[in-house]
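Geometric and topological summary
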Amino acid sequence: MQLPEAARQIAAGIAAALVFLGLFFGLQLVWWIALVGAVGVFAAALLIIDRKPEATEEMVVDGVSRAELTGAINAITEASKRMRQIALSASGDDKTEFQRMASLFEAIRGHHIKDPRDYRHTRRFIRHDLPRIVDTAERYVELNKKATGGNRDRVQSLGDRIRSFTPVLEKIDQACLENDFMALEVQVEVLGDQLESR
């Protein structure tokens, strides 16, 4: 479902208001619990309802405007720079892992520059997950430097979970590459058919 930005915000707001009213008056929950539920519904609605491009927007490919693509490429570039800085502050395996993550960010960025269609599949990742990965890694490195005693085990556990992000990034990189292969295969097949028909 796609709606213009203003209608998207209104639809999400109406859904959140209805949930709040239902939880507060219907189920008679405490107001702050109802509010948390409503905020969750608002955020989920914004994730579900895609923004419909404005008539004046320049479209790079179907469903992707030039402004969106530029914003995505800038966001990935910034995430990569920050992850390289985090890697400089990290030590041991963490340093290597964060450098690998930064390289994967750069590879994903390269895919988007070469083929803007990739953004259609990574939009939610770039908007929501990418900044959280970088923020989490940054906080982890800071905590790792300060942790002592029993907190070392907790930090180690957090590090294991953060390092598990790398296979996810590898899958995104491969998905973008697969999209490029599919496009090339279709193009070669069409050209082959055209050449045979001559």
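What this report covers is the structure whose coordinates are included nearby. (Residues numbered from 1 in each chain as written. Predicted model: local features only at pLDDT ≥ 70, side-chain atom pairs only at ≥ 80, totals over all residues. Heavy atoms only, no water.)

This part covers the layout of surface pockets. In this model, the largest pocket occupies a volume close to 160 Å³. Together, Thr136, Arg139, Tyr140, Leu143, Leu158, Arg161, Ile162, Ser164 and Phe165 line the largest pocket. Counting residues per element, the ones that place at least two in the lining of the largest pocket are helix H5 (118-146) and helix H6 (151-163). For the lining of the largest pocket, the leading source of residues is H5, giving 4 residues. (1 Å grid on protein atoms, 1.4 Å probe; cavity = no way out; pocket = protein on both sides within 12 Å on 5 of 7 lines; lining within 4 Å. Points joined across faces, edges and corners; volume = space filled by probe spheres on them. Helix = DSSP H or I, 4+ residues; strand = E, 2+ residues; numbered from the N terminus.)

Turning to the packing of helix H1 (residues 5-26) against helix H2 (residues 31-48), a few remarks are in order. Across the interface, H1 lies against H2 with an axial gap of 8 Å and an inter-helix angle of 150°. Between H1 and H2, the angle falls in the class roughly antiparallel. Seen along the crossing, H1 lies across H2 with a hand that is right-handed. Between H1, through Arg8, Gln9, Ala12, Gly13, Ala15, Ala16, Val19, Phe20, Leu23 and Phe24, and H2, the contact on the second element is made entirely by Trp31, Ala34, Leu35, Gly37, Ala38, Val41, Phe42, Ala45 and Leu46. Of the residues in the contact of H1 with H2, the class split is 15 nonpolar, 3 polar and 1 charged. (Axes fitted to C-alpha atoms, helices over the stretch in contact; angles between N-to-C directions. Parallel < 35°, antiparallel > 145°, perpendicular 65-115°, else oblique. Left-handed = near helix turned anticlockwise from the far one by under 90°. Contact = heavy atoms within 4.5 Å. Nonpolar A, V, L, I, M, F, W, Y, C, P; charged D, E, K, R; others polar.)

The subject of this paragraph is the pattern of salt bridges. Scanning the model with the defined rule gives 10 salt bridges in all. The shortest N-O distance in the salt bridge between glutamate 68 and arginine 123 comes to 3.4 Å. Taken together, the residues glutamate 68 in helix H3 (residues 66-89) and arginine 123 in helix H5 connect sequence positions 55 residues apart. In this structure, glutamate 68 and arginine 123 share a single accessibility class: buried. The shortest N-O distance in the salt bridge between aspartate 160 and arginine 163 comes to 2.6 Å. Highlighted residues: aspartate 160 and arginine 163, both in helix H6, separated by 3 residues, approximately one helical turn. One network of salt bridges, with partners in common, ties together Glu68, Arg123 and Arg127. (Salt bridge = Lys/Arg side-chain N within 4 Å of Asp/Glu carboxyl O. Buried < 20%, exposed > 50% of the residue type's maximum accessible area, 1.4 Å probe, protein only.)

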